[in-house]
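Examining the three-dimensional arrangement
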Amino acid sequence: MKRMDGRAPHQARTCEILPGFVETADGSCLIRVGKTRVICTASVEEGVPPFLRGEGRGWVTAEYAMLPASTGRRKQRDGLKKDGRGVEIQRLIGRSLRQAVDLSLLGERTITLDCDVLQADGGTRTASITGAYVALALAVDKLMRQGLLLQNPIVSQVAAISAGVVDGVPMLDLCYAEDSAAQADMNFVLNERGGFIECQGTGEGRAFTQAELLQMTDMARCGVRALMRRQREAIAAPLLLPLPTVAVATGNADKLRELSNLLSGTVRLISMRDAGFLGEVEETGETFEENAILKAQAVSRATGLPAIADDSGLCVDALGGEPGVRSARYAGEHGRDGANNALVLERMQGVSDRSCRFVCAMALALPGERTRVCRGECPGTLLDSPRGEGGFGYDPLFLYENGQTFAQMSERRKNEVSHRARAVEKLREMLDELL
């Protein structure tokens, strides 16, 4: 179904963020989402409200207003009694952005976020939250450069987007005409870990179903990831912001550590159990790629996070590619490295062709998007006895071209040449593009 502006139901409007829009503010930006435009400023003041005095904690609050001509027909300015809708929205902005800051690290100072709508075409509250985060981060960056803050208080990234059901079809990022005709209307505020800070949902013309809610949620996660990319580009201070969180579909601590080292500075990896996935994924695929996709998609669906999974193993040419996808359970029980190595050596007795390769297929699953897959291979020679004390799996039998086994190499050196390292280089390009 095409929408009035030509977008597909899952497509968000174009978002542009111009940082430093108000030079006199401590932090500011102009955010444009479709035809909606909002000026967001952050002002820092020493001191906190009375209920926080003497506690050594800071405060983040917000104000929201629509300028008189923002809707085409002149809107009266707020007087002593503020517009009820505006009060509700500014409270939402304040609640959302306080989730981004460790107030105990801010000191006894207040950051006020002012969101002034220049032009409204739907999604003004979500655009305000997304833009106000940029203004907040820029104000914190200024405080740190001035030496007024010794430790970065930004602990989360926050962005927001709307979704709704129009003519029975779930849609992302409604413009005003769609919003006014929607059968259901929702606003999602999320952090970089995929956690929900706030969800506001109303059935306007009818109640919405669980299936529609799940569709809107997946769309929102996808839309927020794109908005967070725009935020990071606008802030341009990568050390200030938390890295995007990605779940790894593994229970193997060695593999998680290795991947964390390989992707250091790109994403923050957490295990699937820390992300809330407590089940097991049956590896029924016939190829490394199929198994990686099964695992990544299962963890992403269950947690709502981007998830990566790899399926890797040893392929010995003389054995027709075995152990292959059965590498971890070649001897029967999963993860028995000694038994797996012994079985390979038994089947290779008397065989002169010792060529082999490690293979790694890596899948990246993202809610609301297609799953991507990449592959890395590292050629080597199979020894007739183990050599080295490090590594795991078949590393003691795998002789690399430098004359060392993976079990003899330092972890750093192995991570420079391994099959997983080669796959991760391709994965890193996908992560930079998508997260």
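Our structure is the block above this text.
Brief notes about the sheet that holds strand 11 (residues 268-271)
- What the 6 strands build is an open sheet, ordered 11-10-12-13-14-15; its pairing is mixed. Of all strands in the sheet, those bounded by a partner on one side alone are strand 11 and strand 15 (398-399).
- One ladder, built from 4 bridges, connects strand 10 (residues 245-248) with strand 11; its direction is parallel. When the bridges of strand 11 are listed, Val 246 appears paired with Leu 269.
- Strands strand 12 (307-316), strand 13 (355-365) and strand 14 (372-382) of the sheet are contacted by helix 9 (residues 419-434), whose axis makes an angle of about 165° with strand 14.

Quick word on the pattern of salt bridges
- Evaluated as defined, the whole model comprises 33 salt bridges.
- The closest approach of N and O atoms between Glu 178 and Arg 3, which form a salt bridge, is 2.8 Å. With Glu 178 in helix 3 (residues 176-181) and Arg 3 in the segment before strand 1 (15-19), the pair connects residues that are 175 residues apart, well separated along the chain. The burial state of Glu 178 is the same as that of Arg 3; both residues are buried.

Overview of the nonpolar core
- If you look at the biggest cluster of nonpolar residues, it comprises 65 residues, and the most contacted ones within it are Val 60, Ile 93, Leu 97, Leu 113, Leu 136 and Ile 235.
- Per element, the largest residue contribution to this core is 12 residues, and it comes from helix 2 (residues 124-145).
- Dropping the residues within four chain positions of it, Ile 93 is found in contact with Ala 62, Tyr 64, Cys 115, Ser 128, Ile 129 and Ala 132.
- Core analysis: the second largest hydrophobic core is formed by 22 residues, Val 246, Leu 259, Leu 364 and Cys 374 among them.

Brief notes about helix 1 (residues 84-98)
- Under the 1.5 Å per step criterion, the end-to-end length of helix 1 is 21 Å for 15 residues, consistent within 8% with the ideal 21 Å.
- Among the residues making up helix 1, those that are buried are Gly 86, Ile 89, Gln 90, Leu 92, Ile 93, Gly 94, Ser 96 and Leu 97.
- The secondary structure elements touched by the buried residues of helix 1 are strand 4 (59-66), strand 5 (109-119), helix 2, strand 6 (158-166), strand 8 (184-191) and strand 9 (196-203).

Concerning unusual backbone geometry
- Of note, the bond from Glu 322 into Pro 323 is cis; its omega dihedral lies within 30 degrees of zero at 0°.
- Within the secondary structure, Pro 323 sits in the loop between strand 12 and helix 7 (337-347).
- Even without glycine at this site, Asp 167 takes up a positive phi of about 55°.
- Although it is not a glycine, Asp 173 sits at a positive phi angle of roughly 60°.
- Along the chain, Asp 173 turns up in the loop between strand 7 (169-172) and helix 3.

Observations concerning the pairing of strand 14
- Bridge analysis of strand 13 against strand 14 gives 10 bridges, and the strand direction is antiparallel. What sits directly across from Ser 355, in strand 14, is Thr 381.
- Between the end of strand 13 and the start of strand 14, which pair antiparallel, lie 6 residues, with Gly 368 showing a positive phi angle near 85°.
- Where strand 14 and strand 15 come together, 2 bridges link them in antiparallel fashion. Note that in strand 15 the partner of Leu 382 across the bridge is Phe 398.

A look at the packing of helix 1 against helix 2
- Viewed as axis vectors pointing N to C, helix 1 and helix 2 meet at an angle of 40°, and their least axial separation amounts to 10 Å. On the basis of their axis angle, the class for helix 1 and helix 2 is oblique. Crossing hand, helix 1 versus helix 2: right-handed. Facing helix 1, whose interface residues are Arg 85, Glu 88, Ile 89, Leu 92, Ile 93, Ser 96 and Leu 97, helix 2 presents Thr 124, Arg 125, Ser 128, Ile 129, Ala 132, Tyr 133 and Leu 136.
- Residues of the contact of helix 1 with helix 2, tallied by class, amount to 8 nonpolar, 3 polar and 3 charged.

With respect to the packing of aromatic side chains
- Inspection of every chain in the model, using the stated rule, returns 6 aromatic pairs.
- Where Phe 188 meets Phe 196, the ring centres are 6.4 Å apart and the plane angle is 45°; that geometry is what we call tilted.
- Residue classification places Phe 188 among the buried residues on the basis of a relative accessible area of 1%.
- Here Tyr 400 and Phe 406 contribute two aromatic rings whose centre-to-centre distance is 6.2 Å and whose plane-to-plane angle is 45°, an arrangement assigned as tilted.

With respect to the side chain of Gln 231
- Inspection of the secondary structure puts Gln 231 in helix 4 (residues 210-235).
- Each residue touching Gln 231, except ones within four places of it in the same chain, is listed here: Ile 17, Thr 130, Tyr 133, Val 134, Gln 157, Val 158 and Ala 159.

A word on the environment of Tyr 64
- Counting through the fold element by element, Tyr 64 comes out in strand 4.
- Accessibility expressed as a relative area gives 4% for Tyr 64, which makes it buried.
- Each C-alpha atom, one on Tyr 64 and one on Leu 213, is 28 Å from the other, the two residues being 149 residues apart in sequence.
- Apart from the residues within four sequence positions on either side, Tyr 64 is in contact with Arg 85, Gly 86, Ile 89, Gln 90, Ile 93, Cys 115, Val 117, Thr 124 and Ser 128.
- Looking at Tyr 64, its side chain comes within polar contact range of the side chain of Arg 85, at 3.4 Å.

Considering the sheet that holds strand 5
- Taken in spatial order, the 5 strands make up an open sheet running 1-2-3-5-4, and their pairing is mixed. The open sheet has two edge strands with one neighbour each: strand 1 and strand 4. Across the sheet, the mean angle separating the axes of adjacent strands is 20° when strand polarity is ignored.
- Here 5 bridges tie strand 1 to strand 2 (residues 27-33), and the two strands are oriented antiparallel to one another.

Conventions and cut-offs
- Residues numbered from 1 in each chain as written.
- Predicted model: local features only at pLDDT ≥ 70, side-chain atom pairs only at ≥ 80, totals over all residues.
- Heavy atoms only, no water.
- Pairing = 2+ DSSP bridges.
- Helix = DSSP H or I, 4+ residues; strand = E, 2+ residues; numbered from the N terminus.
- Contact = heavy atoms within 4.5 Å.
- Axes fitted to C-alpha atoms, helices over the stretch in contact; angles between N-to-C directions.
- Salt bridge = Lys/Arg side-chain N within 4 Å of Asp/Glu carboxyl O.
- Buried < 20%, exposed > 50% of the residue type's maximum accessible area, 1.4 Å probe, protein only.
- Core = buried A, V, L, I, M, F, W, Y, C linked by side-chain atoms within 4.5 Å.
- Expected span 1.5 Å × (residues − 1).
- Parallel < 35°, antiparallel > 145°, perpendicular 65-115°, else oblique.
- Left-handed = near helix turned anticlockwise from the far one by under 90°.
- Nonpolar A, V, L, I, M, F, W, Y, C, P; charged D, E, K, R; others polar.
- Phe/Tyr/Trp six-rings, centres within 6.5 Å; stacked < 30°, edge-to-face > 60°.
- Polar contact = N/O pair within 3.5 Å; in protein donor to acceptor, adjacent residues only side chain to side chain.

Spatial relationships are all this shows, so hold off on functional conclusions.
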